[in-house]
Amino acid sequence: MVPLPAYLVLGALLFSLGMIGVLVRRNALIVFMSIELMLNSVNLTFVALSRHLGSMDGQLAVFFTIVVAGVEVVVGLAIIVEIFRSRATVNLDDVDLLRG
Amino acid sequence: MADFAWTIPLWPLLGWLVLGLVGGRLPRRLVALIGCGTVALAFAAAVAARATFPGEPQERTLFTWIAAGAFSVDAGLLLDRLSIVMVLMVSGVGLLIHIYSVGYMAEDRAYSRYFAYLNLFMASMLLLVMGRSLLVLFVGWELVGLCSYLLIGFWFDRERAANSGRKAFVVNRIGDAAFLIGVLLLWTSLGTLDLRAIGAQAATLGPPVMVTASLLLFTGATGKSAQLPLYTWLPDAMEGPTPVSALIHAATMVTAGVYMIARLFPLFTHPVTVVVVSTVGALTAFFAATIALVEWDMKRVMAYSTISQLGYMFLAVGVLAPAAGIFHLTTHAFFKALLFLAAGSVMHAMHNVIDMHVLGGLARPLRYTAGAFIIGGLALAGIPPFSGFFSKDLILERAWEHAVGGGSPVPFILGLVTALVTAVYITRAARYAFFDQPHRESHPHEAPPVMLWPMVLLALLTVAGGLLGAQRIGAPLLEFLAPQFAAAAPHEAAPGLFVPVLSILAGVAGVAIGWLGYRDRRDPDLGWVARLFSRHWYLLDLYDGVLVPAAKRVAVLLAGPVDLGVIDRAVNGIGALAAGGARGLRRLQTGYVRQYAAIILVGTILLMAYWATR
Amino acid sequence: MELALFIPFAALALAGGLGVIASGRAIHSALSLLLVLSSLAVLYLLLGAQFIAVLQVIIYAGAIVVLFLFVIMLLHMATGEPAARGVRPWRAGATVAAALFFAALLSAVVRTRATADLGAAPGFGFGTAEAVGRTLFTRFLLPFELASVILLVGIIGAVVLAKGALTLRVHAESRAADEAEEPREEALTR
């Protein structure tokens, strides 16, 4: 039997890894993928706890997370493409128009 | 209060509104009609109030002015014996002067503005004498000060006029500051500002409070009524139109101080106050008379004369004879206004020349004016049967009683000597102005009827006014006022003819000296005495040399280190603080997404730490 | 038995995670992401969430990663990172911060004293499509409807964003075409 904390710790680890990626990488796409990593780690936690508590609610949460993640990726990638079209870069550090 | 009585101050106020707003567009006849008509209505209402006066004081509340918790002040009017006398005098003399102004100001550009201001003044003065509480009185007090400023500086494009208006206002302000402190003191001591209540409860005040309050109020009166030491504005106030000088600076506004003391009479009965008020009054009377003796500007002679006569009135209330003071106030209004109007007629004939060096020989061409001036002058000199004699003599009698009754002899002595000097200077002025033909090419002509009739009426009043105080026919004015001044010093019957004979002698001697001593249109050479008088006994040197520089130094100190250094720095400092704070916070906005993410992370960690430790 | 499945796939997930954040080229990151998603799908199966596992594979691995790959191709991702701007000790600081965060999560796990046991085996229908559907259409009906609205919004947003430049070019071309046509019409009527 796999202990519950194992899943939870794995989720935490993946989340931290994703966080490092968001903070450290400059390529917008890789940052995006790190965000997806974080989302997935949360999904894992949901599913594990759903199994632990015997309730379907956790899995439903994952269901909706996946839906919304999909939409988010679509819109986010469209934005990244637009930025690339006007500025020919996907370096996050170049996008500093809000500086002030 | 009789229903029309409270309208007395209202008519001139309406006149001011109408003339002020649309007067410029109205024809001159209409402006004159409105300007004089409102005062006529006020006078009619005053006469009716006297006729229907039931004997007891009447009150009326106009509206609640301030209602703040325990402190509430009503704007109310009071009609009692004293206020009836004042209202009749103010509106009556005021009406005559308004009519005179129609002729005097006929050529002036700002005709409607003049009458608007004059009406505002009438409304303010009537409010002052009809006010029921000290606050309403003070409102009127300040308003007449404002009107004085406006009217002295009526020809504001003349620098001297503008400066004189400002000087009047500022000097008055000094007195008003003391006045206000006195009002506050009374409020905190008695809890009320109602004039009758103050009078009734004055005896309950301890001596220190009573003396302090009365002296503070008296200081305000010295400012408004041009007594020592705040007299300097009145001679310069002659820059204004002559009718203004007649009305404001002879008959009405300057008498407000005397009225105020008479109104609050029980407050001024302490021996210390008695000494101060009567001594200041007597000194001022003497002091101003000596200066009038060496002045060459005819209106300034009148101005110093007014200061001197006001000194007599303060002398009277000082020795606890307020009825005598009010009596002299009334007769002085008659003959001083008459003198000023006559001087105005001279100016009108001589194209605004008022320097007595170049006047003279006007008795024949300006017959009526000369007659008016002579009548007024004789009254001023205290020659019977003119009214001035009766009122001045009454004051001297009271001063005498005060002296023999244990008080200081100074008021009586100074009063008697001043009577002599007064007769001299007014005779001198009459001689220089109307007699001794000089060389002249122009032909002066008499004033128009609209200016002459008020002078005639005032002359009649000057002659007949003595009857108001004549003992033979029961002294109607004094009897009328008697119940008002129950706290006044009781006086024995007149001490025989001793004092009247002395005062008549002084007057006659003065006229003789004045007539004979100034024959060659030259002042006799009095050497250092003349210099003393013309330098105002070196008082002005004291002011300019000591007081003014000290005040300036304080002002510089406040403007520099205090205002700029402390206040401005504090205010700017707050602004700089905000700007600096914003500048610091701005450095957070780098535009780097990753930095923002990092900050979010830091915040989240802190939150989790907080939750973890709870 | 389950442990034998858990450990390798967990390890794979971790390896993939490291790959996502540490790869030099974007395409490597995308493929690492794929590895993570697939490993997680297996773990979902282990946890009795069959439907979710399949969804994970179809949508996440099958559509979202594909999207990523498309965009990478479209933008001709160059290698490496351009010169960094901003704070120098960034990498170390971020790692420390993440480590702190992980520690916080761990403490949360420890404090809740989650029982070591996963719990009794769920019933037969647990995690099936039917179970999901039943819950979805009863207790989560409103979120379901809202989810469809979100999808619609996303579609429209993406279309609008992508269409932007295209619209201008099309309009310019059509206007030019209109002006070119007019003189011909006038020639015809004359």
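Quick caveat, the model's predicted, so the values are computed rather than measured.

A tally of helices and strands in chain B yields 23 helices and 2 strands. A total of 614 residues make up chain B; the buried ones form 55% of that total. Pairs at least 24 apart in sequence give 81% of the contacts found in chain B among residues at least 6 apart. Working note: accessible area of chain B is about 25,600 Å², and carbon and sulfur atoms make up 68% of it.

Opposite the 9 residues of chain C that make contact, chain B presents 11 residues. For the pair chain C and chain B, the summed buried area comes to about 830 Å², and 71% of that belongs to carbon and sulfur atoms. Linking chain C to chain B there are 0 salt bridges. Taken together, chain C and chain B are joined by 0 residue pairs in polar contact (both at pLDDT 80 or more). Its residues assigned to classes, the side of chain C that touches chain B comprises 6 nonpolar, 1 polar and 2 charged.

Attention shifts here to a nonpolar patch on the surface. Residues and elements named next belong to chain B. Where nonpolar side chains cluster on the molecular surface, the patch consists of Leu13, Leu14, Trp16, Leu17, Val18, Leu21 and Val22 and spans about 560 Å² of accessible area. Counting through the fold element by element, leucine 17 comes out in helix H1 (residues 10-22). According to the relative accessible area criterion, leucine 17 is partly exposed, its value standing at 39%.

Time to look at the packing of helix H1 (residues 2-22) of chain C against helix H2 (residues 26-46) of chain C. All names here are of chain C. Taken N-terminus to C-terminus, the directions of H1 and H2 make an angle of 155°; their axes are 8 Å apart at the nearest point. For the element pair H1 / H2, the angle class is roughly antiparallel. Classified by chirality, the crossing of H2 by H1 is left-handed. Across the interface between the two elements, Glu2, Leu5, Phe6, Phe9, Leu12, Ala13, Gly16, Gly17, Gly19 and Val20 from H1 touch Ser29, Ser32, Leu33, Leu35, Val36, Ser39, Val42, Leu43 and Leu46 from H2.

Glancing now at the packing of helix H6 (residues 159-190) of chain B against helix H8 (residues 207-224) of chain B. Residues and elements named next belong to chain B. Contact pair H6 / H8: the axes reach a minimum separation of 7 Å and the direction vectors enclose 155°. Relative to H8, H6 is oriented roughly antiparallel. Seen along the crossing, H6 lies across H8 with a hand that is left-handed. For the pair H6 and H8, contact is made by Asn172, Gly175, Ala178, Phe179, Ile181, Gly182, Val183, Leu185, Leu186 and Ser189 and by Val209, Thr212, Ala213, Leu216, Leu217, Thr219, Gly220, Gly223 and Lys224, respectively. Looking at the contact of H6 with H8, its residues break down into 10 nonpolar, 8 polar and 1 charged.

Right, let's get into empty space enclosed by the protein. Picture a little ball the size of a water molecule; that probe, rolled over the atoms, points out where space is still empty. All names here are of chain B. Per the stated rule, a full pass over the model turns up 1 cavity of 30 Å³ or more. Estimates place the volume of the largest cavity at around 30 Å³. Taken together, Glu142, Gly145, Phe169, Asn172, Arg173 and Asp176 make up the lining of the largest cavity. For the lining of the largest cavity, the secondary-structure elements that each account for two or more residues are helix H5 (134-152) and H6. The element best represented in the lining of the largest cavity is H6, accounting for 4 residues.

Next up on the list: the packing of aromatic side chains. All names here are of chain B. Summed over the entire model, instances satisfying the criterion amount to 23 aromatic pairs over all chains. Judged by centre distance (4.7 Å) and plane angle (20°), the rings of tryptophan 141 and phenylalanine 179 are stacked. Separated by 38 residues along the polypeptide, tryptophan 141 in helix H5 and phenylalanine 179 in helix H6 bring together distant segments of the chain. Across the pair, exposure class does not vary: tryptophan 141 and phenylalanine 179 are buried alike. Their ring planes at 10° and their centres at 4.8 Å tell us that tryptophan 296 and tyrosine 432 sit as a pair that is stacked. Of the two residues, tryptophan 296 sits in the loop between helix H12 (271-292) and helix H13 (298-318) while tyrosine 432 sits in helix H17 (residues 410-434), which places them 136 residues apart along the sequence.

Turning our attention to the interface of chain C and chain A. Every contact between the two is made by 81 residues of chain C and, on the other side, 70 residues of chain A. Taking both sides of the interface into account, the surface hidden between chain C and chain A amounts to around 7,100 Å²; carbon and sulfur atoms contribute 76%. Remark: the boundary between chain C and chain A carries 1 salt bridge. Its salt-bridge partner being arginine 139 of chain C, residue aspartate 57 of chain A comes within 2.9 Å of it at the nearest N-O pair. Inspection of the region where chain C meets chain A yields 6 residue pairs in polar contact (both at pLDDT 80 or more).

This paragraph deals with the confidence of the model for chain B. Mean pLDDT over chain B works out to 87, with 97% of the residues at or above the 70 mark. Among the scores for the predicted complex, ipTM is 0.91 and pTM is 0.69.

For strand S1 (residues 58-68) of chain B and strand S2 (residues 71-79) of chain B, the ladder comprises 9 bridges, and the chain directions are antiparallel. Within S2 of chain B, the position partnered with threonine 64 of chain B by the bridge is aspartate 74 of chain B.

Take the nonpolar core next. Judged by nonpolar contacts, the single largest core of 197 residues is most densely connected at Leu267 and Phe373 of chain B. Ranked by the residues each element gives to this core, the list is headed by helix H14 (residues 322-349) of chain B, at 18 residues. If you look at the next biggest cluster of nonpolar residues, it comprises 80 residues, including Leu60 of chain A together with Ala53, Ala104 and Val132 of chain C.

Spanning 18 residues, helix H16 (residues 387-404) of chain B covers 26 Å between terminal C-alpha atoms, matching the ideal 26 Å at 1.5 Å per step. Most of H16 of chain B sits inside the fold, with 14 of its 18 residues counted as buried.

So, about unusual backbone geometry. All names here are of chain B. With an omega of -5°, the peptide bond running from leucine 228 to proline 229 counts as cis. The residue proline 229 is located in the loop between H8 and helix H9 (233-236) in this model. Here the residue pair proline 384 and proline 385 is connected by a cis peptide bond, since its omega of 0° sits within 30 degrees of zero. Phi is positive for tryptophan 537, close to 55°, though the residue is something other than glycine. In this structure tryptophan 537 comes out as partly exposed when scored by relative accessible area, which is 35%.

Attention now goes to the layout of surface pockets. Residues and elements named next belong to chain B. Estimated volume of the largest pocket: approximately 560 Å³. Residue assignment for the lining of the largest pocket shows that the elements contributing at least two residues are H6 and helix H22 (539-586). Sorting elements by how many residues they give to the lining of the largest pocket places H6 first, with 6 residues. Volume-wise, the second largest pocket comes out at about 460 Å³.

Residues and elements named next belong to chain B. Mapped onto the elements, phenylalanine 533 comes out in helix H21 (residues 528-534). A sequence separation of 242 residues divides phenylalanine 533 from isoleucine 291, and the C-alpha atoms of the two residues are 5.1 Å apart. Residues within four places of phenylalanine 533 in sequence aside, it is in contact with Thr290, Ile291, Leu293 and Val294.

Rules used throughout
- Residues numbered from 1 in each chain as written.
- Chains lettered and ligands numbered in written order.
- Predicted model: local features only at pLDDT ≥ 70, side-chain atom pairs only at ≥ 80, totals over all residues.
- Heavy atoms only, no water.
- Helix = DSSP H or I, 4+ residues; strand = E, 2+ residues; numbered from the N terminus.
- Buried < 20%, exposed > 50% of the residue type's maximum accessible area, 1.4 Å probe, protein only.
- Contact = heavy atoms within 4.5 Å.
- Areas by Shrake-Rupley, 256 points an atom, 1.4 Å probe, with all protein chains shown as cover.
- Buried area = accessible area lost by both parts, 1.4 Å probe.
- Salt bridge = Lys/Arg side-chain N within 4 Å of Asp/Glu carboxyl O.
- Polar contact = N/O pair within 3.5 Å; in protein donor to acceptor, adjacent residues only side chain to side chain.
- Nonpolar A, V, L, I, M, F, W, Y, C, P; charged D, E, K, R; others polar.
- Patch = residues over 30% accessible without salt bridge, like charges linked within 9 Å, V, L, I, M, F, W, Y side chains within 5 Å.
- Axes fitted to C-alpha atoms, helices over the stretch in contact; angles between N-to-C directions.
- Parallel < 35°, antiparallel > 145°, perpendicular 65-115°, else oblique.
- Left-handed = near helix turned anticlockwise from the far one by under 90°.
- 1 Å grid on protein atoms, 1.4 Å probe; cavity = no way out; pocket = protein on both sides within 12 Å on 5 of 7 lines; lining within 4 Å.
- Points joined across faces, edges and corners; volume = space filled by probe spheres on them.
- Phe/Tyr/Trp six-rings, centres within 6.5 Å; stacked < 30°, edge-to-face > 60°.
- pLDDT = per-residue confidence, 0-100.
- Pairing = 2+ DSSP bridges.
- Core = buried A, V, L, I, M, F, W, Y, C linked by side-chain atoms within 4.5 Å.
- Expected span 1.5 Å × (residues − 1).

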